[in-house]
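Below are the chains, spelled out letter by letter.
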Amino acid sequence: MVHATYPGRVPQSLKEKRQALVDDSSIAGSQFCDHFTDAADEWLSALFERVTEGDTRGLALMAIGGYGRREMCPASDLDLFLVHSSRRKRVDQIAQEIWYPIWDQGIKLDHSVRTLKEALAVAKDDMKAALGLLDARYVAGDRTLADEVAPAAQDQWRKLARSGLAELAESVADRHRERGDVAFLLEPDIKDDRGGLRDFQALFAASVATDSVSSPLRDAELSGANRSLLGIRVELQRITGKDSNQLLLQDQDRVATSLGYADADALMVAVVSSARAIAWASDHAWHRIGKWLENPRPSKRPKSAPLGKSLVLVDGEIGLAPEAKPSEEPALAFWAATAAAELGTVVSDECLSSIASASPEIPEPWPDSLRNAFVSLLGTGHQAIHALETLDHAGILARLIPEWPRVRNLPQRNAFHRFTVDRHLCEAAAQASLLVRRVSRPDLLLVGALLHDIGKGFPGDHTIAGIDVVGRIGMRMGFAEEDIETLVQMVRLHLVVPEAATRRDLDDPATIDFVAEAVRDTDTLELLSALTEADSIATGPTAWTPWRASLIAKLVDLTSKKLSGQPTENQERELGPEMIGLAESVANRDQGLEIIHHPHLDGTGWALTVIAHDRQGLLSLVTGVLALHNLAVLSAQVAPVPNSPAAIEEFVVLSIFDKEPPWSRLKEDLGKVLKGELDLDSKLEEKARAYAGQRRPGAAKPAEPRVIFHNEASQRATVIEVRAPDGVGVLNAITSALAESGLDITSAMASTLGHEVVDVFYVTNSNGLKVTDSNHLDEIHRRVISSLEKLANANPRP
């Protein structure tokens, strides 16, 4: 390729200027954008002067898009528009002499060369071009010509507002449907996700087109939110050296340090706060734009329909009736929010502002009307989420529940939770509204669901803190003393049902006795059952699966029977004649092996039975082979075969890749392992290394493994709980260590909580008894930790 030539010497390259700014850590956040924009302006102005030889009549270089907005990040493109009069000569040659020095430096360039008339004609049919011209800014050349561009583009955009805004509204809605929320994602895309930088840009475009939307540039909160996200984008690209907009866990600590935040949690609070402000403004703006598109010439005296309780429906929004007295009625905020939720609309700005500024005295305890209004709002389900956020945005919710700001925007930085604490609580209450017919006290279920994790906003263990906080809130809300105790019990016990169901043997009578003794009555049990479901669904997809749901249903059923004095089913496992016959057949064959498999009854994964000659560490070998074939073990049971050298091990397994496992290959590999013909440890290490190479690292070093003994949890076995980072071969490593410690595993349960596993084992010593000797317990602890550390050292995280 022959490059165009241009006279004179190009000044210090823009690439060098950009790199100098990237290397200067004192220029952080959005300040970088200002410096880089100024550097680009200066460099391009000098280049323009040289290539035009000072003759700039009828020719101007304009910055558009992000460059026009002065939002140049380390990896940003240069968006340039060379506008010229129809009589200007050598335009194409001059353009090439500008573009090539930019390309030569490897800087990405988006460019166009047109007259203003041509540019407007393109913008008329191309929304991206139209939006870019709205931000047009002079860089060099004919100032008179340049000053015509933005006003002309904005005037045309206003004239075409109906079609332009309809297209932009559809684009925004499509993007919101396809992507998540910056405010609630563990690793948000701060540009394209809902509440991100692109939504702020769309708000500006909407404000240019119609007076029904105020400019976000004139709103200090929104402008600050935009600058905050922009600064985070700068530091993210500076750290990664890439055109990156997704704030990954692995980068959050370094971005936080660069911007002076105390830690990644403080950074994410800022991200959430900024994104929520933009998202809230965006939602309301597009709601109003939708109304305007439907009726561009509304009546000067819009019709109103009375709704009762001092409210009216005006122009499709909730407003105050003439007789309303917001300074005298504290329940008015909940009434307005409930009406908006039930009708699928919003509270008008005027109504919201009047209620917020009225500041009525909140009596303590709350009168029945206020408490009932609050419960009614929660009962509207998922529509209540936006209504509650509206009250929170206006400062009303904090006035009614002073503890709420402690959990507002509070991140939960693990893959198990998908929402901030406050949004999780709202989601849990919304899910609980679908379950109110299962309980005798729907009001306590809804309020308990909204408050069950509020202790996370206070120091110490969130359950212990929550007990005290919810006690105070319940008293302030005017609940009866026995109802307050029930709410406190819901907080105290909200983890008991899910943890017992997934980490204890439900066929062990001690498990049922423990839960029954904790909950004490069936009313509390039904509340906890519904809360567990609502809490789990609100947490994320891994917290509520058919498998977990079946375990919780079984636990609740057995506990309910225990509390009601009803007989429970025989919990002793008995082998049928067919299974005993297969065990005898395996025992009579040298290296005999049988596997039986079928879809699990609850629709989760597969039920798998392995029959083989019993030996020390058999469970470890089987779980290792299952890991080789991408099967995650959800539970394992060892069924003794009387007077036989064979062992029967029953599993519930889940295919990691959601397809039926290759059973014949699995049986073949298991046979080879049992015969010593396949080096299982080497194969697992190889697979773990391959997995680690594909795995994106987390933000922080994984927590150290823990081994916890629960000798009081069962009368017939010692319960060992192991918490460790998830990975290939973890279950095999643990079970190998238990076997080496001389233990027999009678049952096992496995749970994955984000990037960590919680595996629970019921074990006995060589005499079939619980392990009570302290030296033996110390040995078990040492062996398990050593085995997990060996696995981690062999396959370090990237």
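Whatever comes next refers back to the structure up there.
Residues numbered from 1 in each chain as written. Predicted model: local features only at pLDDT ≥ 70, side-chain atom pairs only at ≥ 80, totals over all residues. Heavy atoms only, no water.

Enquirer: Please clarify how the overall build of the protein should be interpreted in this entry.
Expert: When helices and strands are counted, the protein shows 32 helices and 15 strands. Per-residue burial for the protein yields a buried fraction of 55% across its 798 residues. Here the contacts in the protein between residues at least 6 apart in sequence split such that 70% fall between residues at least 24 apart. When the accessible area of the protein is evaluated, it comes to approximately 35,800 Å², of which 49% is carbon and sulfur surface. Seen as two clouds, the 86 positive and the 114 negative side-chain charges of the protein have centres 6 Å apart. (Helix = DSSP H or I, 4+ residues; strand = E, 2+ residues; numbered from the N terminus. Buried < 20%, exposed > 50% of the residue type's maximum accessible area, 1.4 Å probe, protein only. Contact = heavy atoms within 4.5 Å. Areas by Shrake-Rupley, 256 points an atom, 1.4 Å probe, with all protein chains shown as cover. Lys, Arg positive; Asp, Glu negative; His and termini not counted. Charge placed at Lys NZ, Arg CZ, Asp CG, Glu CD.)

Enquirer: In this structure, what is going on with the packing of helix α21 (residues 462–476) against helix α22 (residues 481–492)? I would like to understand it.
Expert: The relative placement of two packed helices is expressed as an angle between their axes plus a distance between the axes. Running from amino to carboxyl end, α21 crosses α22 at an angle of 160 degrees, the nearest separation of the two axes being 9 Å. In terms of orientation, α21 lies roughly antiparallel with respect to α22. Where α21 crosses over α22, the two elements pack in a sense that is right-handed. Side by side, α21 and α22 meet where T463, G466, I467, V470, G471, G474 and M475 of the first sit next to I484, L487, V488, V491 and R492 of the second. Residues of the contact of α21 with α22, tallied by class, amount to seven nonpolar, four polar and one charged. (Axes fitted to C-alpha atoms, helices over the stretch in contact; angles between N-to-C directions. Parallel < 35°, antiparallel > 145°, perpendicular 65-115°, else oblique. Left-handed = near helix turned anticlockwise from the far one by under 90°. Nonpolar A, V, L, I, M, F, W, Y, C, P; charged D, E, K, R; others polar.)

Enquirer: What should I look at first to understand the packing of helix α8 (residues 149–159) against helix α10 (residues 197–209) in this one?
Expert: Where α8 meets α10, the axes come as close as 8 Å, and the angle between the chain directions of the two elements is 75 degrees. Classified by the angle their axes make, α8 and α10 are roughly perpendicular. Facing α8, whose interface residues are Q154, W157 and R158, α10 presents A205, V208 and A209. Residues belonging to the contact of α8 with α10 are distributed by class as follows: four nonpolar, one polar and one charged.

Enquirer: Even after reading the chapter, I still don't get the packing of aromatic side chains, so can you show me in this structure?
Expert: Describing an aromatic ring pair means giving the distance of the ring centres and the angle of the ring planes. In total, this model carries seven aromatic pairs according to the counting rule given. Here Y100 and W103 contribute two aromatic rings whose centre-to-centre distance is 5.1 Å and whose plane-to-plane angle is 85 degrees, an arrangement assigned as edge-to-face. You can see Y100 and its partner W103 sitting in helix α4 (residues 91–104), three residues apart, about one turn around the helix. Here Y100 falls in the buried class, since its relative accessible area comes to 14%. On the basis of relative accessible area, W103 is assigned to the partly exposed category, the value being 35%. On the basis of an interplanar angle of 80 degrees and a centroid distance of 5.7 Å, the ring pair of F184 and F419 is categorised as edge-to-face. Within this pair, whereas F184 is found in the loop between α9 (161–178) and α10, its partner F419 is found in the loop between α18 (396–400) and α19 (421–432), the two being separated by 235 residues in sequence. Classification of F419 by relative accessible area gives buried; the value is 13%. A network of ring pairs unites the aromatic residues F334, W366 and F374 as a single cluster. Above the face of the F419 ring, R423 is positioned so that its terminal group lies 5.4 Å from the ring centre. (Phe/Tyr/Trp six-rings, centres within 6.5 Å; stacked < 30°, edge-to-face > 60°. Lys NZ or Arg CZ within 6 Å of the ring centre and 35° of its normal.)

Enquirer: What exactly am I supposed to notice about the environment of V722 here?
Expert: Its place among the elements puts V722 in strand β13 (residues 718–725). The exposure class of V722 is buried, given its relative accessible area of 0%. Considered as a pair, V722 and V784 are 62 residues apart in the sequence and their alpha carbons are 8.5 Å apart. If we ignore the near neighbours within four places in the chain, the residues touching V722 are R706, V707, I734, V757, V758, D759, F761, V784 and L788.

Enquirer: Before we go on, may I ask you to explain helix α13 (residues 264–294) in this structure?
Expert: Within an α-helix, residues lying three or four positions from one another point in the same direction, as the helix has 3.6 residues per turn. For α13, built from 31 residues, the straight-helix expectation of 45 Å at 1.5 Å per residue is met to within 8% by its first-to-last C-alpha distance of 44 Å. Structurally, the start of α13 carries an N-cap: the backbone nitrogen of D265 is 3.1 Å from a side-chain oxygen of D263. (Expected span 1.5 Å × (residues − 1). Polar contact = N/O pair within 3.5 Å; in protein donor to acceptor, adjacent residues only side chain to side chain.)

Enquirer: Before we go on, may I ask you to explain unusual backbone geometry in this structure?
Expert: With glycine set apart, most residues show a phi of negative sign, and most peptide bonds adopt trans. Cis geometry marks the peptide bond from E364 to P365, where omega comes out at 0 degrees. Along the chain, P365 turns up in the loop between α15 (349–358) and α16 (368–378). Phi at E53 is positive, roughly 55 degrees, even though this residue is not glycine. By secondary structure assignment, the location of E53 is in the loop between α2 (30–52) and β1 (59–63). We note that D315 has phi near 50 degrees; this positive angle belongs to a residue other than glycine. Tracing the backbone shows D315 in the loop between β6 (311–314) and β7 (317–320). The class of D315 is partly exposed, set by a relative accessible area of 39%.

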